Amino acid sequence: MIIKDGLLALPGEGQLLRADLRFSDERITSIASSITPAKGEELIDASGLMVFPAAIDPHVHFDEPGFTHREDYFHGTMEAAKGGVGTIIDMPCTSLPPITTKAAYENKLSVVQGKALVDYAFFGGVSGHTAEASLSGGMDELAPFVVAFKCYFISGMDSFTAVDHDQFRRILVEGTRLGRPILLHAEDPGCVKGAEARLAAERRASGRASTWRDYLEPRNPDAELVAAASALALARGREAGLHIVHVGTAEVARMVAAAGASCETCAHYLAFDEDDFGSLGAALKTAPPVKTASDRAGLWQLLTTGSISFLASDHAPAPEAEKATGDPLTAYGGIPGVGTGFPYLLSEGYLSGRIPLPRFLEASSLAAARRYGLAARKGSLEVGKDADFVLVDPAGTTTIEGKTLLSLGKITPFEGMRLTGRIVGTWVRGGAVYEARNASGPASIVASPGSGKHLTWGYR
Ligand SMILES: [Zn+2]
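My aim in this report is to walk through the structure given alongside it, one point at a time. Source: prediction; values computed, not measured.

Next up on the list: the sheet that holds strand 10 (residues 149–152). Here 6 strands make up an open sheet; going across it, the order is 9-10-11-12-13-14 and the pairing parallel. The two strands at the open ends of the sheet, each matched to only one other strand, are strand 9 (124–125) and strand 14 (310–312). One ladder, built from 3 bridges, connects strand 13 (residues 262–266) with strand 14; its direction is parallel. Looking across to strand 14, one finds that Thr265 is bridged to Leu311. With respect to the sheet, helix 14 (residues 357–371) is in contact with strand 12 (242–244), strand 13 and strand 14, its orientation differing from that of strand 14 by roughly 95°.

Written as structure tokens, this is what we have:
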């Protein structure tokens, strides 16, 4: 099959190149200025369309098995495909049981493998409850099946608790030995819990109801800075194995990059700041929360230069009953994002001229593929790699509407946002998964559940 006359986004090129791309048996077999079709060979007319490598979203919470009232693999991967994502990497902490053992991993794989529509990999986890078991053989046993390990310095989940600094130092030693990055949710419990207790006492004394300040003040930039600084202090030469997830504070990203560790940010940290809570409320609630307008500008800059390696969504939707509680402190912290991140970065980063093409490609796919051992087959349009691509009409527009998300989650802070560019198709390993041309809603999904493939470190 040949994609004919598209504007291809090839790695290392400063601009899109008009060329043809042939693929067969799931992989790209040639890229050339003009490829003559063999007799009967199928063509995709991509004239006027941009062809990007399918995005990789290296941070989603698809919650299955366990919390499938929030998200499941069928809906999560449909939403991914709609948003140009061909591979997702799923967090260990929002499954039940969490993915901290080989048995839990095997159970999860058996539950989800018949449901996924795009390719997927898993992160393993190290929870405070079970950290000693993980450190004495558990991580070793799980490592072949996961692309990194995730832990928290502060956790709101009873089923997946925070590790202490001593455990974290040993987890980083173990991860480095196993060749797997260690991912950290970096907010400092001393900062957060101290301020939460002070504000709770203040509310009791005055009888006032909780406001957004009660959520935001404890999770201020210091909480991220202290946690990241602690992690770097504990790394002691193993910084290359440390990855800080969902950074919202620009100074944290600067510090992490300068120390030789890596980090990611999310579209919501680029699109919003703390002043938006007044209008958006719980639809914007995440942990860490979005920070100041100056953080927002700083994060854009750091993503553009590469100090922030890549974009992730931290996709973690919840139903209205859990979001619209009317109380900033009890509203579920988490928002959908797997389907809106790539369209947002495409429009506001690349098509607006803010981010040059090579960095856009790294931030949306290649850097995550490299970080998580998938780059032999994922992350760029190159001969020999999987034919994972997304077709974009640059003359089209996309208006984000919660009710049209294919995710189970419909409450998004991006509601009503109008973006440049329209995704017309997402293909994974040479098969169409999403096609906007003739249908909308779930009918635009043209692959079958189970067509997504489970990937592990070193996939080739
Ligand atoms: Zn997360």
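In this section: the sheet that holds strand 7 (residues 85–90). Reading across the sheet, the 3 strands line up as 6-7-8 and stay open at both edges, with parallel pairing between neighbours. A single partner strand is all that each edge strand has here, and the edge strands are strand 6 (55–60) and strand 8 (119–122). Neighbour-to-neighbour, the strand axes of the sheet open up by a mean angle of 20°, direction not taken into account. By the bridge criterion, 4 bridges tie strand 7 to strand 8 in an arrangement that is parallel. From the neighbouring strand, Asp90 faces strand 8, where its bridge partner is Phe122. Taken strand by strand, helix 1 (residues 73–82) contacts strand 6 and strand 7, and its axis lies near 140° from that of strand 7.

Orientation of helix 13 (residues 341–351) relative to helix 14, taken along the N-to-C sense of each, is 160°, at an axis distance of 11 Å. One element, helix 13, and the other, helix 14, form an angle in the roughly antiparallel class. As for how helix 13 packs across helix 14, the hand of that crossing is right-handed. Residues Phe342, Leu345, Gly349 and Tyr350 of helix 13 form the contact with helix 14, whose own contacting residues are Leu357, Phe360, Ala363 and Ser364. Class assignment of the residues belonging to the contact of helix 13 with helix 14 gives a composition of 6 nonpolar, 2 polar and no charged.

Burial runs high along helix 1: 10 of the 10 residues are buried. Residues of helix 1 that are buried include every one of Tyr73, Phe74, His75, Gly76, Thr77, Met78, Glu79, Ala80, Ala81 and Lys82, and no others. In this structure, the buried side of helix 1 is in contact with strand 6, strand 7, helix 2 (102–112), strand 16 (418–428) and strand 17 (431–435). At the exit of helix 1 stands Gly84, carrying a positive phi of roughly 85°.

Further remarks concern helix 7 (residues 221–235). Its 15 residues place the ends of helix 7 21 Å apart at the C-alpha level, agreeing with the 21 Å of an ideal helix rising 1.5 Å per residue. Considered for burial, the residues of helix 7 that qualify are Ala223, Glu224, Ala227, Ala228, Ala231 and Ala235. Across the axial projection of helix 7, the buried residues extend over an arc of 120°, all falling on one side. Elements in contact with the buried residues of helix 7: helix 4 (165–178), strand 11 (182–185), helix 5 (189–206), strand 12 and helix 8 (250–259). Phi for Arg236, located one or two positions after helix 7, is positive at around 45°.

Moving on, we get to the environment of Gly441. Looking at the secondary structure, you find Gly441 in the segment after strand 17. Considered as a pair, Gly441 and Glu79 are 362 residues apart in the sequence and their alpha carbons are 9.9 Å apart.

Right, let's get into the pairing of strand 5 (residues 50–53). Neither face of strand 5 is exposed, since Met50 and Phe52 on one face and Val51 and Pro53 on the opposite face are all buried. Of the strand pairs in this sheet, strand 1 (residues 2–8) and strand 5 are connected by 2 bridges, and their pairing is parallel. Its bridge partner being in strand 5, Leu7 is matched across the sheet by Met50. Pairing analysis gives 4 bridges linking strand 5 to strand 15 (residues 389–399), with the strands arranged antiparallel.

Reading guide: rules and limits
Residues numbered from 1 in each chain as written. Predicted model: local features only at pLDDT ≥ 70, side-chain atom pairs only at ≥ 80, totals over all residues. Pairing = 2+ DSSP bridges. Helix = DSSP H or I, 4+ residues; strand = E, 2+ residues; numbered from the N terminus. Contact = placed C-beta atoms within 7 Å. Axes fitted to C-alpha atoms, helices over the stretch in contact; angles between N-to-C directions. Parallel < 35°, antiparallel > 145°, perpendicular 65-115°, else oblique. Left-handed = near helix turned anticlockwise from the far one by under 90°. Nonpolar A, V, L, I, M, F, W, Y, C, P; charged D, E, K, R; others polar. Buried ≥ 20, exposed ≤ 12 C-beta atoms within 10 Å, placed from the backbone. Expected span 1.5 Å × (residues − 1). Arc of directions from axis to C-beta.

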